[in-house]
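Descriptive analysis of the structure
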Amino acid sequence: MGDPTGFLRIERALPPRQPVKVRLRTYEELETRMTVAEARDQGARCMACGVPFCHAGCPLGNLIPDFNHLVYEDRWREAIEVLHATNNFPEFTGRVCPAPCEASCVLNIERVPVTIERIEEEIADRAWDEGWVRAQPAATSTGKRVAIAGSGPAGLAAAQELARLGHAVTVLERDDRIGGLLRYGIPDFKLDKRLLDRRLAQLTAEGVTFRTGVTVGDGDDGGVSVASLRAEHDAVIIAVGATLARELPIEGRELDGVHLAMDFLVPQNKRVAGDTVEGPSAAGKRVVILGGGDTGSDCLGTSLRQGALSVKQIELMPQPPDDDPLAWPDWPMILRTSSSQEEGGERDFAVMTKRFLGKDGKLTGLEAVRVERVDGKLREIEGSTFTIDADLCLLALGFVGSTVAASGDGVFTCGDARRGQSLVVWAIAEGRECARDVHAYLTPS
Ligand SMILES: Cc1cc2nc3c(=O)[nH]c(=O)nc-3n(C[C@H](O)[C@H](O)[C@H](O)COP(=O)(O)OP(=O)(O)OC[C@H]3O[C@@H](n4cnc5c(N)ncnc54)[C@H](O)[C@@H]3O)c2cc1C
């Protein structure tokens with residue numbers, strides 16, 4: 001612990017964001033960087049607690065007090081080594097993680113946790129800028145072959161770990177580009193895809209082979225069956241995510257203008273990547289987003305950038321409280337405002353959509369009812385039916401599972417495909433853990 005009184009003297013501070021009107025003009029990430037002095041000050045706020053709850057809060061077990069201390073001492077090169085010891089892709093988590101580490105920071109008892117996530121991002125960005133992040137190819141080969149289905153953060157983390165251990169790794173991806181939801185899901189304004197490309201270049205230099213446009217499954221649909229992959233490899237990892245979206249099968253679902261969130265988000269990411277693709281547009285429309293989570297929030301930021309006339313984000317559950325003083329060191333269920341929600345639109349809570357309204361096959365609105373929680377269950381409030389005008393409705397209701405079910409000797413599963421819809425940080429953690437299991441399977445002692 002560099003500065004024993006840092007947490008008493010120094011306020012929690014983050015660099016200011018760009019003004020909303022500047023942010024909405026572009027799909028680029030517009031984060032302002034911390035200066036070295038600012039990062040050092042924020043690192044000095046870490047109390048190096050005897051029991052660092054942040055370690056447990058982070059699914060990766062990131063060594064948070066250690067890297068905070070190194071930043072405080074201006075030892076950035078060692079800081080990235082400490083960070084990489086537990087996290088393959090800190091520049092991703094430093095940007096998109098909801099930061100359970102900060103929720104469990106002891107200073108969060110006072111609602112002023114150390115700016116852990118931001119320090120992580122600064123360490124990673126600085127390491128790349130300085131050229132400290134290099135390929136680490138294995139010195140020797142084990143002669144073992146591993147196939148990984150799915151190229152999201154779980155598949156990529158597993159691939160990197162196994163390649164560095166000397167295994168020959170091939171990643172098979174159904175889509176036309178590598179990266180899973182990091183590529184086609186999370187918008188560019190939250191995660192610049194150039195950061196993903198430079199990691200992929202690193203993995204390639206470490207010996208990982210990537211193949212796009214390959215569907216792994218039962219083999220019936222022209223893709224590759226898990227059984228045939230297994231026959232050609234010493235182990236197979238299924239890291240195909242949980243991409244089956246939850247539907248809303250109510251009257252009017254078939255109307256033109258009602259779309260799954262991913263049918264809206266993915267084409268936009270492709271356009272930013274330079275492709276010409278069709279897809280629903282929010283330009284000039286009254287947009288309603290059903291679902292108050294990350295995906296809904298990304299639809300909101302994207303709708304505003306596309307030039308929506310208005311955007312409403314509707315959540316079925318009641319509005320959570322602003323504070324939950326008893327939650328620490330667990331994850332508090334409180335009202336959060338994402339960067340997209342800061343940019344505009346309206347939010348409404350405790351609203352259940354009953355049917356979509358339309359004319360000539362086109363969406364014109366939604367009929368909804370207010371709900372309340374009684375004995376832990378949601379109950380419709382009598383006489384509260386109302387309508388909302390809408391030309392575009394995006395369903396961001398979560399995901400129900402994966403398209404591939406596989407098990408058997410030498411077949412492993414990780415990431416969202418194993419745990420259900422989750423977080424990037426969990427996907428990386430699972431990819432790493434899965435790689436350890438695969439390595440133990442391939443090289444029994
Ligand atoms: C819109 C959106 C925004 C999100 N925002 C955040 C955020 O801000 N922060 C956060 O922490 N988490 C966020 N998440 C969640 C996070 O992205 C996921 O938890 C994480 O990407 C899961 O990683 P994964 O590797 O398990 O799967 P995925 O990232 O889903 O990758 C799976 C890959 O497998 C491929 N695939 C699927 N089926 C097959 C098949 N049969 N054969 C071959 N390949 C196949 C898919 O095309 C995909 O590329 C968000 C999710 C969504 C949908």
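Residues numbered from 1 in each chain as written. Predicted model: local features only at pLDDT ≥ 70, side-chain atom pairs only at ≥ 80, totals over all residues. Heavy atoms only, no water.

A look at the overall build of the chain
- When its secondary structure is counted, the chain shows 17 helices and 18 strands.
- Computed over its C-alpha atoms, the radius of gyration of the chain comes to 23 Å, within 12% of the 22 Å expected for a compact globule of 445 residues.
- Once the C-alpha set of the chain is aligned to its principal axes, its extents read approximately 65 × 65 × 45 Å.
- Relative to its 445 residues, the chain shows a buried fraction of 49%.
- Look at the contacts in the chain between residues 6 or more apart in sequence, and 70% of them connect residues 24 or more apart.
- Counting every atom, the chain has about 20300 Å² of accessible surface; 50% of that belongs to carbon and sulfur.
- Of the side chains in the chain, 51 bear a positive and 66 a negative charge, and the two mean positions are spaced by 2 Å. (Helix = DSSP H or I, 4+ residues; strand = E, 2+ residues; numbered from the N terminus. Rg over C-alpha atoms; globule rule 2.2 N^0.38 Å. Buried < 20%, exposed > 50% of the residue type's maximum accessible area, 1.4 Å probe, protein only. Contact = heavy atoms within 4.5 Å. Areas by Shrake-Rupley, 256 points an atom, 1.4 Å probe, with all protein chains shown as cover. Lys, Arg positive; Asp, Glu negative; His and termini not counted. Charge placed at Lys NZ, Arg CZ, Asp CG, Glu CD.)

Brief notes about helix 5 (residues 64–72)
- Extensive coverage of helix 5 is indicated by the burial of seven of its nine residues.
- If you check which residues of helix 5 are buried, you get Ile64, Pro65, Phe67, Asn68, Leu70, Val71 and Tyr72.
- Close packing links the buried residues of helix 5 with helix 3 (36–44), helix 4 (53–57), helix 6 (76–84), helix 8 (100–104) and helix 9 (116–129).
- Looking one or two residues beyond helix 5, the residue adopting positive phi is aspartate 74, at roughly 65°.

Topic: the site of the ligand
- Taken together, 35 residues lie around the ligand, and Val96, Glu173, Lys190, Val216 and Asp416 are the ones closest in.
- In the model, an oxygen atom of the ligand is placed 2.6 Å from a nitrogen or oxygen of the glutamate 173 side chain.
- Side-chain polar atom of lysine 190 to an oxygen atom of the ligand: 2.9 Å apart, as the coordinates give it.
- Within the complex, 98% of the 1000 Å² of free accessible area of the ligand lies under protein.
- Of all the elements in the fold, those that place two or more residues in the shell around the ligand are helix 10 (153–164), helix 13 (261–272), helix 14 (294–306) and helix 17 (424–442).
- No other element matches helix 14, which puts three residues into the shell around the ligand.
- Along the lines of polarity and charge, the residues of the shell around the ligand split into 18 nonpolar, 11 polar and six charged.
- No fewer than three residues from each of domain 2 (145–243 + 401–442) and domain 3 (247–397) sit in the shell around the ligand. (Near = heavy atom within 4 Å. Polar contact = N/O pair within 3.5 Å; in protein donor to acceptor, adjacent residues only side chain to side chain. Nonpolar A, V, L, I, M, F, W, Y, C, P; charged D, E, K, R; others polar. Domains from an automatic or database assignment.)

Examining the sheet that holds strand 6 (residues 235–238)
- If you trace the five strands from one edge of the open sheet to the other, you get 3-2-1-6-18, paired in parallel fashion. Of all the strands in the sheet, the pair left with one neighbour each is strand 3 (209–211) and strand 18 (411–413). Recorded for the sheet is a direction-independent mean angle of 20° between the axes of neighbouring strands. (Pairing = 2+ DSSP bridges. Axes fitted to C-alpha atoms, helices over the stretch in contact; angles between N-to-C directions.)

Regarding the domain arrangement of the chain
- The domains assigned to the chain are domain 1 (6–129), domain 2 (145–243 + 401–442) and domain 3 (247–397).
- For domain 2 and domain 3, the distance between their C-alpha centroids amounts to 30 Å.
- Buried area between domain 2 and domain 3, both sides added, is near 1100 Å², and the carbon and sulfur share of it is 49%.
- The largest contributions to the domain 2 side of the interface with domain 3 come from Arg177, Tyr184 and Phe189, which together make up 45% of the buried area.
- With its nearest N and O atoms 3.8 Å apart, the salt bridge here joins lysine 270 to aspartate 175.
- Where domain 2 touches domain 3, the interface holds four residue pairs in polar contact (both at pLDDT 80 or more).
- Among the residues forming the side of domain 2 that touches domain 3, the class breakdown is six nonpolar, one polar and seven charged. (Buried area = accessible area lost by both parts, 1.4 Å probe. Salt bridge = Lys/Arg side-chain N within 4 Å of Asp/Glu carboxyl O.)

Description of the packing of helix 3 against helix 5
- Between helix 3 and helix 5, the shortest axis-to-axis distance is 7 Å and the interhelical angle comes to 135°. As summarised for this structure, helix 3 and helix 5 are arranged oblique, according to the angle between their axes. At the point where helix 3 passes helix 5, the crossing takes the left-handed sense. Packed against helix 3, whose contacting residues are Ala39, Arg40, Gly43 and Ala44, the element helix 5 presents Asn68, Val71 and Tyr72 at the interface. (Parallel < 35°, antiparallel > 145°, perpendicular 65-115°, else oblique. Left-handed = near helix turned anticlockwise from the far one by under 90°.)

A short note on the sheet that holds strand 10 (residues 310–314)
- Taken together, five strands build an open sheet; the order of strands is 8-16-9-10-11 and the sheet is parallel. Because the sheet does not close on itself, it has two edges, and the strands there are strand 8 (258–260) and strand 11 (346–348). Pairwise comparison of adjacent strand axes, ignoring direction, gives a mean angle of 20° for this sheet.
- Here strand 10 pairs with strand 11 via three bridges, running parallel. Paired with isoleucine 314 across the bridge in strand 11 is aspartate 348.
- With respect to the sheet, helix 13 is in contact with strand 8 and strand 16 (392–395), its orientation differing from that of strand 8 by roughly 70°.

Quick look at the pattern of salt bridges
- Enumeration over the complete set of coordinates arrives at 37 salt bridges.
- Between glutamate 121 and arginine 118 there is a salt bridge whose closest N-O contact spans 3.9 Å. With a gap of three residues between them, glutamate 121 and arginine 118 both fall in helix 9, about one helical turn apart. There is no split in this pair, since glutamate 121 and arginine 118 are both buried.
- As a salt-bridge pair, arginine 286 and aspartate 391 come within 2.7 Å of each other at their nearest N and O atoms. With a gap of 105 residues between them, arginine 286 in strand 9 (residues 286–290) and aspartate 391 in the loop between strand 15 (386–389) and strand 16 connect regions that are remote in the sequence.

Topic: a nonpolar patch on the surface
- Together, Leu316, Met317 and Leu378 make up a nonpolar patch on the protein surface, roughly 210 Å² of accessible area in all.
- Here leucine 316 lies in the loop between strand 10 and helix 15 (339–343). (Patch = residues over 30% accessible without salt bridge, like charges linked within 9 Å, V, L, I, M, F, W, Y side chains within 5 Å.)

What to know about the nonpolar core
- Phe67, Ile116, Ile123, Ile148, Val169, Ile237 and Val438 are the most contacted members of the largest nonpolar core, which totals 64 residues.
- Broken down by element, this core gets its largest block of residues, nine residues, from helix 17.
- Taken domain by domain, this core gets at least three of its residues from each of domain 1 (6–129) and domain 2 (145–243 + 401–442).
- Discounting residues that sit within four places of it in the chain, valine 169 has contacts with Val146, Ile148, Ala159, Leu162, Ala163, Gly207, Val208 and Thr209.
- Ranked by size, the runner-up nonpolar core spans 18 residues in total, among them Met262, Val287, Leu392 and Leu394. (Core = buried A, V, L, I, M, F, W, Y, C linked by side-chain atoms within 4.5 Å.)

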